[in-house]
Amino acid sequence: MSYQLIDTGNSRSFPAAHALLDGASASGEVVVLIGADAGSALNDVTARAERAAILVELGTESLGTHTGESRGTEGSNVLGFARFRLGDGNPSDLVELVRQPATPDSAIAAARAVLEGAGLKVAVCGDFAGRIIDRLIRPYYNASLRRLDEQLATADDLDLTLRLGLGYPEGPISLLERTGLAHHYDVTSALFETLGTPDYAPARRAVVAKRRAGKGFK
Amino acid sequence: MSTIKTVGVAGAGTMGAGIAIVAARAGFRTILYDTRQDTLDRARRQTEGFFAKSVQRGKLTAEAVETIMGNLIGTTDIAAMAECDVVIEAIFEDLKVKHGLFSDLNAVCPPHTIFASNTSTLSITEIAGGSGRPERVVGMHFCLPAQLMKLIEMSPGLTTSPEVFDAAWKFAEAMGQRPVKTKDNPGFILNYFLVPFNNDAIRMVEAGVAEPADIDRAIKAGLGYPMGPLELLDLIGLDTQLLLCEALHGVTNDPRAACPPLVKRMIAANHLGRKTGRGFYTYEKDAMFGG
Ligand SMILES: NC(=O)c1ccc[n+]([C@@H]2O[C@H](COP(=O)([O-])OP(=O)(O)OC[C@H]3O[C@@H](n4cnc5c(N)ncnc54)[C@H](O)[C@@H]3O)[C@@H](O)[C@H]2O)c1
């Protein structure tokens, strides 16, 4: 399936060369909008209704921010997407593809074909705060940071236990350190605004990291 | 150095049979005790099968296995536990039942014998309270399957003496395991994190955030976890998840540990996971569908 790429700059999903960027053509049945301002570029897409699918790269916002919503009946050929990426870590191969209640299956199939054609793996989800992964892991990261404060175990032992016991490739403390605790603050704060339960409230250590980053400390 | 020579394991079920393999394989004389002879017979068969594979794979020689099996004794007679320097209990997850076992053992075992509990959700301090020797009780939580997993979460109760904890720690290392120190805290580390995490995944299915297969794919491909939470729940069993939730939520009142309503509906429909052929996925024999 041929696709056109519109890059608004500073894409979190595609910070470096990738097959998806290489495979684009000047025009196409599908349009892929990437970059920090991808949602605003939606208005620049010509012949919108004729496209098989239009993919908008999302940050922490809902797809509805760009498409508008109407009483749970919203849905069109416009889909949201983001490659899952933790803070400063490299993007994974996993793309969360965001649909709305009335998104046609044909649009999902076209989007999937383009993404999988570029070697990415696709998980479809509704337009919920945090999509799949952030929604599921941020409470777990917050809990591990809190339990570290409460000295349930040392940081190394917490990480080791979760690696040995559950086969996780990396424990939560080292993962958050490596990818940036201040990023965890940003994501979990955005989720907390919508979800409002204490498990999404940024843990103390993330608040500290964010404040220190704001002052220019590491 | 460990001064422990003879190890008792009480309960020859899923965990006890595996723990007995770990102890015997490390060269300890090991006495496996259960109230039921048929359970002991099954454990013996499984153990022989396990070691036969170890020989096939070149991990152990046939002679070594013969020695190990010669040092591994099964019994339904609690009096046989009198020889043990440490007893690890892996019986039913029920405080009264564990108190009953430990007070019987307290009468049989010499004063130096350490009592260890493999409990997943009960308090070590509470178990110790009904043991007759609260300063000699320690938590040793093995992972399933015990004969393959190196990790032991070790926790002292409020009454555990530091010397006993230290001796149990060295014993864990002498078995070739990797002990990790944690607190006498509901769920220790693993279940404390895992049970609410799995509940969150169930609530996402319930809320229609995504299909189980999409959630599992995202978690595996995005984070490199070996299994997605819903596949893992099908393996654990939804009935077991309910018990874990009740045990954890009962003590912590953490809303994330509360059992999601979908679990109870799935149990009512007999969608318990792999063991009934249907949970979040449908199974035919061991092959997985809908993934
Ligand atoms: N299954 C797991 O994944 C797992 C993991 C870690 C810890 N645990 C804990 O290990 C313990 C055992 O779990 P399991 O899954 O092996 O259970 P299980 O039901 O497979 O085995 C329990 C065994 O204990 C025996 N038993 C019961 N009461 C007894 C008594 N008074 N004296 C002697 N034997 C008795 C039973 O006959 C049975 O064979 C529980 O405390 C559980 O919380 C389980």
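Got a minute to help me understand the interface of chain B and chain A in this structure?
Accessible area lost when the parts come together is the quantity often used to give the size of an interface. Residue-level contacts link 37 residues of chain B with 38 residues of chain A. Summed over both sides, the interface of chain B with chain A buries roughly 3200 Å², with 73% coming from carbon and sulfur. Here chain B is connected to chain A by zero salt bridges. Of all the secondary-structure elements, those providing two or more residues to the side of chain B that touches chain A are β7 (151–156), β8 (178–181), α7 (190–207) and α8 (212–223) of chain B. With nine residues, α7(B) is the largest single contributor of residues to the side of chain B that touches chain A. Residue composition of the side of chain B that touches chain A, grouped by class: 24 nonpolar, five polar and eight charged.

Before we go on, may I ask you to explain the environment of K275(B) in this structure?
Residue and element names in this part refer to chain B. Relative to the elements of secondary structure, K275 occurs in the loop between α11 (261–268) and β9 (282–284). By relative accessible area, which is 53% here, K275 ends up exposed. With 88 residues separating them along the chain, K275 and G187 place their C-alpha atoms 24 Å apart. In contact with K275, not counting residues within four places along its chain, are G237, D239 and T240.

What am I meant to see in the domain arrangement of chain A here?
Residue and element names in this part refer to chain A. Split by domain assignment, chain A resolves into domain 1 (3–125) and domain 2 (133–213). One C-alpha centre belongs to domain 1, the other to domain 2, and the line joining them spans 28 Å. On the side of domain 2, nine residues touch domain 1, which itself brings eight residues to the contact. Buried surface at the junction of domain 1 and domain 2, summed over both partners, amounts to about 760 Å²; 67% is from carbon and sulfur atoms. Applying the counting criterion to the domain 1 and domain 2 interface returns zero salt bridges. Here domain 1 is connected to domain 2 by three residue pairs in polar contact (both at pLDDT 80 or more).

Got a minute to help me understand the sheet that holds strand β3 (residues 53–57) of chain A in this structure?
Two modes of strand pairing occur in sheets, parallel and antiparallel, and in both the strands are linked by backbone hydrogen bonds. Residues and elements named next belong to chain A. Strand order across the open sheet formed by six strands is β1-β2-β3-β4-β5-β6, with mixed pairing between neighbours. Whereas interior strands pair on both sides, the edge strands pair on one side only; in this sheet they are β1 (3–7) and β6 (121–125). Geometrically, the sheet is characterised by an average inter-axis angle of 25 degrees between neighbouring strands, direction not taken into account. As judged from the five bridges shared by strand β5 (residues 94–98) and β6, these two strands associate in the parallel manner.

Explanation requested: the pattern of salt bridges in the structure shown.
Any two side chains of opposite charge can pair if their charged atoms end up close together. Per the stated rule, a full pass over the model turns up 21 salt bridges over all chains. With a closest N to O distance of 2.8 Å, K210(A) and D186(A) form a salt bridge. Of the two residues, K210(A) sits in helix α8 (residues 204–214) while D186(A) sits in helix α7 (residues 181–195), which places them 24 residues apart along the sequence. A relative accessible area of 31% places K210(A) in the partly exposed class. R256(B) serves as the salt-bridge partner of D200(B), at 2.9 Å between the closest nitrogen and oxygen. In this pair, D200(B) is assigned in helix α7 and R256(B) in the loop between α10 (238–252) and α11, connecting sequence segments 56 residues apart. Judged on exposure class, the residue D200(B) and its partner R256(B) are both buried.

The rules behind the values
Residues numbered from 1 in each chain as written. Chains lettered and ligands numbered in written order. Predicted model: local features only at pLDDT ≥ 70, side-chain atom pairs only at ≥ 80, totals over all residues. Heavy atoms only, no water. Contact = heavy atoms within 4.5 Å. Buried area = accessible area lost by both parts, 1.4 Å probe. Salt bridge = Lys/Arg side-chain N within 4 Å of Asp/Glu carboxyl O. Helix = DSSP H or I, 4+ residues; strand = E, 2+ residues; numbered from the N terminus. Nonpolar A, V, L, I, M, F, W, Y, C, P; charged D, E, K, R; others polar. Buried < 20%, exposed > 50% of the residue type's maximum accessible area, 1.4 Å probe, protein only. Domains from an automatic or database assignment. Polar contact = N/O pair within 3.5 Å; in protein donor to acceptor, adjacent residues only side chain to side chain. Pairing = 2+ DSSP bridges. Axes fitted to C-alpha atoms, helices over the stretch in contact; angles between N-to-C directions.

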